[in-house]
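Each chain, letter by letter, is given below.
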Amino acid sequence: MLGFLRSSRDSSEKLAKHSFRDLLLFLADKVQGDSEYESLTARIGKFVNQSREKQLQILPETYLLLEQYVTELDGEIKSREDVRADVLAKFPWVNRIQTLQVIFIPHARQPIELSKIFIASVLARTYQLLGSTGDKMLINLSDWIKDAPDHVGLPIPFELQAELPKNEKDWFSLLSKISHKLYQNLENKFSENFTGKIYEKSYQDIAEKYKGLEDFEMTIRLLPMKLLDAAKVNLLSQKNKQKVLIGQVDDLTALNRKITQQAKELQEKNEIISAKNREITESIDYAKRIQFSRMPDIKDFNRIVKESFIFFKPRDIVSGDFYWFKKLDQKDPKYVIAAADCTGHGVPGALMSMIGIEQFERIVSYRKIADPCEIATRLHKSISKLSKRQDDGIQDGMDLSICTLHSGTKKLEFSGAKNNLIFFQRGNMKIFKGDRHAIGEVHDGHEVFFTKQSVKLNQPTTCYLFSDGFEDQIGGNFNRKYKRVRFYKLLEKMHELPMQRQKEILEQELHHWMNPEGIDPYAQIDDILVMGFKIEFD
Amino acid sequence: MAKDKVVIDSTPVTPYVIFDAERGLFEIKGRSSPEVSINFYDPIYQYLDGYDVSDTAGDFVANFTLEYFNTSSTKCLLGILKRLSNIQKRGQNVVINWYYDEDDDDVLEIGEDLSYFVNLEFNFHPIDVDDQDMDFIF
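Not measured: the values here are computed from a predicted model.

### Section: the overall build of chain A
Phase 1: Summing up its helical and strand segments, chain A has 18 helices and 12 strands in all.
Phase 2: Out of the 538 residues belonging to chain A, those deemed buried represent 34%.
Phase 3: Long-range pairs, those at least 24 residues apart, make up 67% of the contacts in chain A with a sequence separation of at least 6.

Shown next, in the form of structure tokens:
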């Protein structure tokens, strides 16, 4: 499979008898008397001290260096071809040293052979890093590259048959196309990084050995555009820079066309996504109007309880949390106030909340039921009927805290489903814990009922109803939940301040919690609802 | 039969989960607030359903260390407990260790509530997490 590498090792053994030292000294002797002679012989001395393997490796660059001195310093200027003819006559075996062959073949053939060496090196590195992948394409290519361009039997890889050159000089162009195709192929199979490294390393290899060759610069066309940095191109002579650049204008034009096309497609897709996004947002915005129109007007809360606030911060546009309140019975006023938290947030939560809101209307507004326990029980019955209809195992429900203020009897009654009521009288905090099952949650064989707690309102009382959104918010310097304990402490600390000020504090405290100094801001994880009100019956 | 060992790394919205059939161990830890919880928990149900009781000696131990669990994830925990309950019914004793931040009644209550619905031994362990000063913005 790797014929190229194997034959290199074989020939090094067979040709061990040949003296590279004699070869190099033959060249050096041609510049005897020149000021550089000493340094050249010193270099040859160093060379002979290397292992045979290392010698084979550095032979081409050493040879080419000396050859260049000979052509430039031998008084009369000789052409490189002449020097090589001299060398061949004296040392006919140089032609059989694998690493030197490319130097002694006819000039026009050199770029072709360099390309073959390069591609073979890329393949060898790929195998070395990946082992045999059994990849047909790679195997075929390494077989094919060995004999190119002398065989005609095997098909040209990458379906480039149509490009079969008529003249030998066009072979280089075909081979650079193959090199580019191979790059794309490897990049698709593995990664850009991996393939880029293989190409860079293989190019360094041939550059080290053969950069002294007349037309070495042409080989830069073997590299794909993206590996051609300014440093590589600037190494080229003016003539070759032009050649390379002209050769690449075509590539660039094609690439440019492709990019323009892609940009156009991308823009079209972007427009579709934007349009869809706009459509969805508009429709959710409209849904928000519906949701809010079904909830009581937030401004009316101050009309019912003068000192009050509602801090309502949905995570998305529509909300799974909702508030609800209603004044019943003009003669003996009763006030029903509720904070609810439906499973989920966003659209699913909001759909659930619409059901909840409608049930509140039905039970409280039309049937005039004011008892919080009865309201909770009726809500539970109607919502559990709905959630039974689902068959995905997920049960939708609603956490709830609901209280009724009786102005006549000066009494507060509370029922809760997983949510609590916090209230303060004379600076003392009291908690009414809600029952520990949600509205709508059905567990086989377990009868669900709700209880009621009450307190006399014969002194000023500040109450809070809320969903778990605030206490569950992640943030702070330690990436933690705000926690209930901290939230209750916050309520305790601020409960005597004016209600509007308390709302501001909640807003600021939450913002501060979600935007700790020196840390990326945290996203809101759930809908947040806190209702606060102060009752002072005369 | 080959013993399963499954480790699921945590993400910002899903917890760390380990299920080790050989040791008879299940653990779930962290936060859970995916948009559709059942998609995350359904594969876990299947691991537990596929657990072969006969191959493991001793108790099956399940450790729960929750931080934030949204409502639908909490419901999925009940699904997990029902499957643990099945393991018990199939003859292996199941022990539940429920860890909670000592300041976080919420997590304790989730555990207590869930314990009513299954006939399993629950051990509650408060953890001392001293990470919060009680300074407020005002």
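There is more to say after this.
### What to know about the overall build of chain B
Phase 1: Each helix and strand in chain B was counted, giving three helices and six strands.
Phase 2: Relative to its 138 residues, chain B shows a buried fraction of 33%.
Phase 3: Nonlocal contacts in chain B, meaning residues at least 24 apart in sequence, comprise 70% of its contacts between residues at least 6 apart.

### Describing the confidence of the model for chain B
The predicted structure's coordinates, where accompanied by low pLDDT, should not be read in detail.
Phase 1: When pLDDT is averaged along chain B, the result is 88, and 93% of the positions lie at 70 or above.
Phase 2: The complex prediction reports pTM at 0.63, with the ipTM value standing at 0.84.

### A closer look at the nonpolar core
Residues and elements named next belong to chain A.
Phase 1: Core analysis: the largest hydrophobic core is formed by 59 residues, its most contacted members being Tyr323, Ala338, Met398, Cys403, Leu465 and Met531.
Phase 2: Ranked by the residues each element gives to this core, the list is headed by strand 3 (residues 334–342), at seven residues.
Phase 3: Setting aside chain neighbours within four positions, we find Met398 in contact with Ala340, Asp341, Cys342, Met352, Gly356, Ile383, Ala417, Ala438, Ile439 and Gly440.
Phase 4: Formed by 46 residues, the second largest nonpolar core is a distinct cluster that contains Leu59, Leu100, Ile117 and Leu182.

### Notes on the interface of chain B and chain A
Phase 1: Taken residue by residue, the interface counts 22 residues in chain B and 27 residues in chain A.
Phase 2: Where the side of chain B that touches chain A is concerned, the elements lending two or more residues are strand 4 (60–69), helix 2 (71–89) and helix 3 (105–117) of chain B.
Phase 3: Ranked by the residues each element gives to the side of chain B that touches chain A, the list is headed by helix 3 of chain B, at five residues.
Phase 4: Here the residues of the side of chain B that touches chain A sort into seven nonpolar, six polar and nine charged.

### Description of the confidence of the model for chain A
Residues and elements named next belong to chain A.
Phase 1: Per-chain confidence: chain A averages 86 in pLDDT, with 90% of residues scoring 70 or above.
Phase 2: When the elements of chain A are averaged for pLDDT, helix 1 (residues 3–14) gives the smallest value, 45, and strand 9 (residues 461–466) the largest, 98.
Phase 3: In this model, residues 1–13 is a region of pLDDT below 50 whose contacts with residues beyond four sequence positions or in other chains number 16 contacts.

### Points about the packing of helix 9 (residues 171–189) of chain A against helix 10 (residues 192–210) of chain A
Residue and element names in this part refer to chain A.
Phase 1: Interhelical geometry of helix 9 versus helix 10 gives an angle of 145° and a closest axis separation of 7 Å. In this structure, the crossing between helix 9 and helix 10 has a hand that is right-handed. Across the interface between the two elements, Tyr183, Leu186 and Glu187 from helix 9 touch Glu192, Thr195 and Tyr199 from helix 10.
Phase 2: Of the residues belonging to the contact of helix 9 with helix 10, the class tally is three nonpolar, one polar and two charged.

### A look at the pairing of strand 12 (residues 528–535) of chain A
Residues and elements named next belong to chain A.
Phase 1: Counting buried positions along strand 12 yields eight of eight residues, so the element is predominantly enclosed.
Phase 2: Sheet topology note: the strand 1 (residues 307–313)/strand 12 ladder contains seven bridges and is antiparallel. Among the inter-strand pairings, Phe311 is bridged to a residue of strand 12, identified as Val530.
Phase 3: The pairing of strand 9 with strand 12 spans six bridges and is antiparallel. Opposite Phe466, over in strand 12, you have Val530 as the bridge partner.

### Examining the sheet that holds strand 6 (residues 421–425) of chain A
Residue and element names in this part refer to chain A.
Phase 1: If you trace the five strands from one edge of the open sheet to the other, you get 1-12-9-6-7, paired in antiparallel fashion. If you trace the sheet from one side to the other, it starts and ends with strand 1 and strand 7 (428–432), each paired once. Put simply, the sheet's adjacent strands are angled 15° from each other on average, direction ignored.
Phase 2: Sheet contacts for helix 18 (residues 499–514): strand 1 and strand 12; angle to strand 1, the most-contacted strand, approximately 20°.

### Points about unusual backbone geometry
Residue and element names in this part refer to chain A.
Phase 1: The phi dihedral of Lys418 is positive, around 70°, even though this residue is not glycine.
Phase 2: In this structure, Lys418 sits in the loop between strand 5 (411–417) and strand 6.
Phase 3: Overall, Lys418 belongs to the buried group, with 25 C-beta atoms counted inside 10 Å.
Phase 4: Of note in the backbone geometry, Asn479 takes a positive phi value of approximately 55° without being a glycine.
Phase 5: A residue is classified by how many C-beta atoms lie within 10 Å of it, and Asn479, with 14 of them, is partly exposed.

What counts and what doesn't
Here the residue numbering is sequential within each chain, running from 1 through the sequence in written order. For this description, chains carry letters from A and ligands carry numbers from 1, given in the order in which they are written. Given that this is a predicted model, residues contribute local features only at a pLDDT of at least 70 and side-chain atom pairs are listed and counted only at 80 or more, while totals for whole chains, interfaces and linings are drawn from all residues. Elements are defined by DSSP. Helices are runs of H or I of four residues or more, strands are runs of E of two residues or more, and each kind is numbered from the N terminus. Counts of 20 or more other C-beta atoms within 10 Å of a residue's own C-beta define buried residues, counts of 12 or fewer define exposed ones, and intermediate counts define partly exposed ones; C-beta atoms are placed from the backbone. Two residues qualify as a contact pair if the distance between their C-beta atoms, derived from the backbone, is within 7 Å. Known as pLDDT, the predictor's confidence for each residue is given on a scale from 0 to 100. For our purposes the nonpolar core covers buried Ala, Val, Leu, Ile, Met, Phe, Trp, Tyr and Cys residues that link as a set through C-beta atoms within 7 Å. Each residue is assigned to one of three groups, with Ala, Val, Leu, Ile, Met, Phe, Trp, Tyr, Cys and Pro labelled nonpolar, Asp, Glu, Lys and Arg labelled charged, and all others, Gly among them, labelled polar. Between N-to-C directions, angles span 0 to 180 degrees; the directions come from axes that are lines fitted to C-alpha atoms, helices contributing only their stretch in contact. The sense of a crossing depends on the near helix, which, turned anticlockwise from the far helix by less than a right angle, makes the crossing left-handed and, turned clockwise, makes it right-handed. Being paired, for any two strands, means DSSP has found at least two bridges between them.

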